[in-house]
Amino acid sequence: MSDQQPAPHPAQLSGVPHAYVPPGARGVSVGYRRWAGILVWLAISIAVLMVIAFVVSLVLLAQADADVENAALGYLAIFLWFGIAAAAPVLLAVAIPGAAMRRRVREQRQTGITPS
């Protein structure tokens with residue numbers, strides 16, 4: 001038998017192999033861009049309706065406070081507040097994906113990747 005020790009193995013590197021190339025970004029389709037625009041404009045319209053409902057509710061509360069005969073207008077204002085509270089999650093559910101989709105479309109335009 002030989003007195004020589006076997007050569008030590010090189011340390012195994014953790015992580016990605018040297019030949020790894022991350023996949024390229026795909027272009028966004030025309031339908032994707034269309035839905036991104038629809039979601040953003042839908043979020044804008046919901047937000048505008050919520051602001052209008054809030055202003056109308058304040059006007060209704062002022063009218064209900066001014067005259068006892070119009071006390072029912074206060075209940076209508078409270079009903080509008082419930083509508084605003086119900087629309088808030090819908091606004092978030094539309095605005096967040098719409099903004100993310102628009103950001104992706106904008107990034108694709110800046111990098112010059114052709115749509116697929």
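Here, every reference points to the structure presented above.
Trainee: Let's hear about the pattern of salt bridges: which residues, and what values?
Mentor: Counted by the stated rule, this structure contains one salt bridge. One salt bridge in this structure joins Arg103 and Glu107, with 3.1 Å as the shortest N-O distance. Of the two residues, Arg103 and Glu107 both sit in helix α2 (residues 72-111), four residues apart, roughly one turn of that helix.

Trainee: A description of the packing of aromatic side chains should follow, citing residues and the corresponding values.
Mentor: Overall, the coordinates contain zero aromatic pairs when judged by the stated rule. Looking at Arg104, its charged tip hangs above the ring of Tyr32, at a distance of 5.0 Å from the centre.

Trainee: Outline the environment of Leu49, listing residues and values.
Mentor: Checked against the element boundaries, Leu49 lands in helix α1 (residues 30-66). We classify Leu49 as exposed; its relative accessible area is 58%. Separated by 38 residues in sequence, Leu49 and Ala87 have C-alpha atoms that sit 9.4 Å apart.

Scoring rules and cut-offs
- Residues numbered from 1 in each chain as written.
- Predicted model: local features only at pLDDT ≥ 70, side-chain atom pairs only at ≥ 80, totals over all residues.
- Heavy atoms only, no water.
- Salt bridge = Lys/Arg side-chain N within 4 Å of Asp/Glu carboxyl O.
- Helix = DSSP H or I, 4+ residues; strand = E, 2+ residues; numbered from the N terminus.
- Phe/Tyr/Trp six-rings, centres within 6.5 Å; stacked < 30°, edge-to-face > 60°.
- Lys NZ or Arg CZ within 6 Å of the ring centre and 35° of its normal.
- Buried < 20%, exposed > 50% of the residue type's maximum accessible area, 1.4 Å probe, protein only.

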